[in-house]
Amino acid sequence: MPDPQTSSYLDSLNDVQRQAVTTIDGPVLVVAGPGSGKTRVLTYRIAHIIEQGTAPWEVLALTFTNKAAREMKERIETVVGKRASYIWAGTFHSLFARILRVEAQHIGYPTNFTIYDTDDTKSLIGSIIREFHLDKQVYQANAIKNRISSAKSSLITPKLYEKNEELLAQDKMANMPLVYKIYAAYVARCKQAGAMDFDDLLFRLYELLQNHPEVVAKYREKFKHVLVDEFQDTNTLQYAIIKRLVQYPNSPRNICVVGDDAQSIYAFRGATIQNILDFENDFGQHNIRVFKLEQNYRSTENIVNTANAVISYNKRQIQKKIWSDKGTGDKINIIKAVDDNEEGRRVADTILEQKNRYHLQNSDIAILYRTNSQSRIFEEYLRRFNIAYRVYGGQSFYQRKEVKDLIAYLRMVVNPNDEEAFRRSINHPKRGIGGTSVSKVTDLARQQNITLFEALKHVALPNRTRHAADGYIHTIEQAQAKADTANAYELADAIAKGSGLTDMLRNDKSIEGMGRLENHEALLDGIKSFVEEDTLIDTDTLPDKSLATYLQNIALLTDFDSNEENQTGDVVTLMSVHAAKGLEYKSVYVVGLEEKLFPSWMSMDSMEGLDEERRLFYVAITRAEFYLTLSYANTRYRYGKMVMNEPSRFLSEVPADAIENTSSNRRSADHEYDEVSRQREQRASVTGVAPRNRRGTARFAAPKVDPATFQPSPAEEVQTGRNVLHLKFGEGKVIDVDGGADNRIATIHFSELPQPEKRIMLKFAKLQVLD
DNA sequence: CATATGTAGATTTTT
DNA sequence: TCTACATATG
């Protein structure tokens, strides 16, 4: 029964798109260029599948980000209605975690297994290195973490690793011949702790499907259609799981993968475009259909042509011709700055100019950089120019110390075997159980092969310490006892009080401390709304409000997903190029185009590395709809040192006829620019419009001052005797100002600080003059 | 065991 | 510049 909506959604598609949507039987590969309506095809295809009679919960749609999944579901909902919430649409990690939770008993894991994040992983590897008495300068936890991660992503178990001559040789070369032992120990310890890291969520599922025929049969039966977004970013392990689910005798092979080899930017994480090529082979004999979406609906011809020209420097790609009919459009603007400071100022300046000339909203504009650390200068100038902005990326709310501290307790309640949660919570707040005691506990645990928590109960300790330990044990066990009857919020609240965490934070009257308390309370609020809100977790089972579910959910959230005042307001977006994948803006600034930065120095010594950087650049420029501005600086500060860099090779790959011809004029116009922008800064601070929507939490630890009302003043106004406000330090009085004209240093007395006197470089500081 | 202070070291991208 | 760790001191 074709309802009117059904026919209308098909009408809005072009021929290729429509075929990709309606060919729902058998394997389909969609090669989708940037802006070619990929998401549209995916969502309509799912809608179509459901309209054709498949139940929503029989559709598995895998994405890389929660955001992509959410967006997809919302869009499907407009076509098929509320049923959309039953679709199994989500990230690889979250959906697999959900399956693993149900099937945990098959692989010797508790249902309430913990998900170790990167910090937990690193810390555990660190412990193992220590216990093996290895030199941690040589055996760097981070490097080993990456080794282990890529092993798992390539389906290499510790046993296989141990026998793999190539890997062993590499490790020897790196002076770390024992990595295989650390790997084995790491896996054992995770298992013992009832914990899985990000890779385990994939790897353990793979093993489950591999070793338990009745389980794999169940999911093969369940998922009638499988769709994979961003297929170019899947790794070997992910593809192996997909194949396991779809490829078997008499399978209908209803699988659709969508990807673009030119936008593969996660090879460093084990993603391989080989999967696209393999897909054609693996499903080739089963009437595979290949659709190429080549029309770009997003960008002007100038931008599309530039992107094509740039990516053509990469050999080895799937043949396709991306085109646009949106008209030639504006040429590309290139900003050459002498240093990073000027880059920031000129970009902010150009943004203002563009806003006026083209009537752009802030939200039409994005600044994209290679590394998150580049955001600072742009933040600084946007603030000075009173342009509202929002920084994405960096630390997510759930990774802040004070938040993780409370979460550690909650993790202990749900899974007392969780070793990393134990280490984090045992002496926090300080209760006098230091390194010595923890060593004793660890030794006993190893010796008797029991968990740290068990060991803590039985280990011999001096009286004082014993007493403290008992208090800790009591808190955890009391909460455990209530775990069945109380909801997540009640438990968390009881723990926060019982552990002394809340008290500790309350007693910290410092400005940072108050910020931490705020975050602590925000976490509790978050748990409360998790319990109360009716945002039903996408599931075909009952909504699950347990603490365990909550913990598994938040473990997989990133900065992008933070629910707080999401994308509200008209703000300029600042983020890394990686984070920008899938997004579009009327005007895009790709900044820091310098050798060793973009392309990154880490990638410059190999062809593959460079190609990936180029694809990254390709992704960056194809985010732009109408205006594209590229910028670089001749010198910039890095780790406090000035470094000189050549302009990026990618700039020379941009066709000359696509570039605005004013770049030669820019230099002579610099002086004028300076004047204009200085006046603007002045005006901005006088009008007193508070910069809005800055995420108070993004870059500065626990600001003292509400960033919403904070208005930085021009440095010249900071003079001896004045009272000023500092974002981090709060209120203070200027005692003295010294230093050269362009390097003035103020000595300021901040009464709220334990060490009140601070010397602040006015060049960098954000100060608001109060009187 | 906790805290203060110093120094060395490291900085890509993220589920 | 910032952080993490080591050391010294209370």
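Residues numbered from 1 in each chain as written. Chains lettered and ligands numbered in written order. Predicted model: local features only at pLDDT ≥ 70, side-chain atom pairs only at ≥ 80, totals over all residues. Heavy atoms only, no water.

Brief notes about the overall build of chain A
1) Next: A tally of helices and strands in chain A yields 30 helices and 20 strands.
2) Next: Here chain A holds 771 residues, and 55% of them are scored as buried.
3) Next: Residue pairs in contact within chain A that sit at least 24 positions apart in sequence constitute 74% of those at least 6 positions apart.
4) Next: A total of about 33900 Å² of accessible surface is found on chain A, and carbon and sulfur atoms cover 50% of it. (Helix = DSSP H or I, 4+ residues; strand = E, 2+ residues; numbered from the N terminus. Buried < 20%, exposed > 50% of the residue type's maximum accessible area, 1.4 Å probe, protein only. Contact = heavy atoms within 4.5 Å. Areas by Shrake-Rupley, 256 points an atom, 1.4 Å probe, with all protein chains shown as cover.)

Re empty space enclosed by the protein
1) Next: For the structure on display, the rule yields four cavities of 30 Å³ or more.
2) Next: Lining the largest cavity are R189, Q192, A193, N417, E419, R446, I450, T451 and L452.
3) Next: Here the lining of the largest cavity takes three residues from helix α10 (residues 179-193), the largest share from any one element.
4) Next: Its residues assigned to classes, the lining of the largest cavity comprises three nonpolar, three polar and three charged. (1 Å grid on protein atoms, 1.4 Å probe; cavity = no way out; pocket = protein on both sides within 12 Å on 5 of 7 lines; lining within 4 Å. Points joined across faces, edges and corners; volume = space filled by probe spheres on them. Nonpolar A, V, L, I, M, F, W, Y, C, P; charged D, E, K, R; others polar.)

With respect to the sheet that holds strand β1 (residues 28-32)
1) Next: Sheet architecture is open: six strands sit in the order β3-β2-β6-β7-β1-β8, paired in parallel fashion. Each edge of the sheet is formed by a strand with only one pairing partner; in this case those strands are β3 (88-91) and β8 (289-293). Direction aside, the axes of adjacent strands within the sheet are offset by 15° on average.
2) Next: In the sheet, strand β2 (residues 59-63) pairs with β3 via four bridges, with the strands oriented parallel. Looking at the pairing, L60 lines up with W88 of β3.
3) Next: Of the strands in this sheet, β1, β2, β6 (225-228), β7 (255-259) and β8 are in contact with helix α3 (residues 38-51), which crosses β6 at around 170°. (Pairing = 2+ DSSP bridges. Axes fitted to C-alpha atoms, helices over the stretch in contact; angles between N-to-C directions.)

What to know about the pairing of strand β12 (residues 572-576)
1) Next: The element β12 is largely enclosed, with a buried count of five among its five residues.
2) Next: Sheet topology places strand β11 (residues 389-391) next to β12; three bridges connect them, and they run parallel. The residue bridging Y389 from the neighbouring strand is V572, located in β12.

Overview of the domain arrangement of chain A
1) Next: What the domain assignment lists for chain A is domain 1 (9-106 + 202-293), domain 2 (114-193), domain 3 (323-396 + 564-660), domain 4 (398-441 + 461-551) and domain 5 (715-769).
2) Next: When each unit is reduced to the centre of its C-alpha atoms, the spacing between domain 3 and domain 4 is 40 Å. (Domains from an automatic or database assignment.)

A look at the environment of G513
1) Next: For G513, the position within the fold is in helix α25 (residues 511-532).
2) Next: Each C-alpha atom of the pair G513 and I156 lies 45 Å from the other, and the pair is 357 residues apart in sequence.

Here's the deal with the protein's contact with DNA strand C
1) Next: Surveying the vicinity of DNA strand C reveals the residues K136, R376, Y639 and G640.
2) Next: K136 is positioned such that a nitrogen or oxygen atom in its side chain is 2.8 Å from a phosphate oxygen of DNA strand C.
3) Next: A distance of 3.1 Å separates a phosphate oxygen of DNA strand C from a polar side-chain atom of R376.
4) Next: In the surface near DNA strand C, the residues fall into one nonpolar, one polar and two charged. (Near = heavy atom within 4 Å. Polar contact = N/O pair within 3.5 Å; in protein donor to acceptor, adjacent residues only side chain to side chain.)

Structural notes on the pairing of strand β13 (residues 585-590)
1) Next: When you tally the buried positions in β13, you get five out of six residues, the bulk of the element.
2) Next: Two strands pair when backbone bridges link them, and β13 and strand β14 (residues 624-638) are joined in this way by five bridges, in the parallel orientation. Note that in β14 the partner of S587 across the bridge is Y627.

As for unusual backbone geometry
1) Next: Residue P429 is reached from H428 by a cis peptide bond, and omega for that bond is 5°.
2) Next: By the secondary structure assignment, P429 is in the loop between α19 (419-425) and α20 (435-448).
3) Next: With an omega of 10°, the peptide bond running from F598 to P599 counts as cis.
4) Next: Tracing the backbone shows P599 in the loop between β13 and α28 (607-621).
5) Next: With a phi angle near 50°, E230 is a residue other than glycine that sits in the positive phi range.
6) Next: Mapped onto the fold, E230 is located in the loop between β6 and α13 (236-246).
7) Next: Notably, N386 is not glycine yet its phi reads approximately 60°, a positive angle.
8) Next: Its location among the elements puts N386 in the loop between α17 (375-384) and β11.

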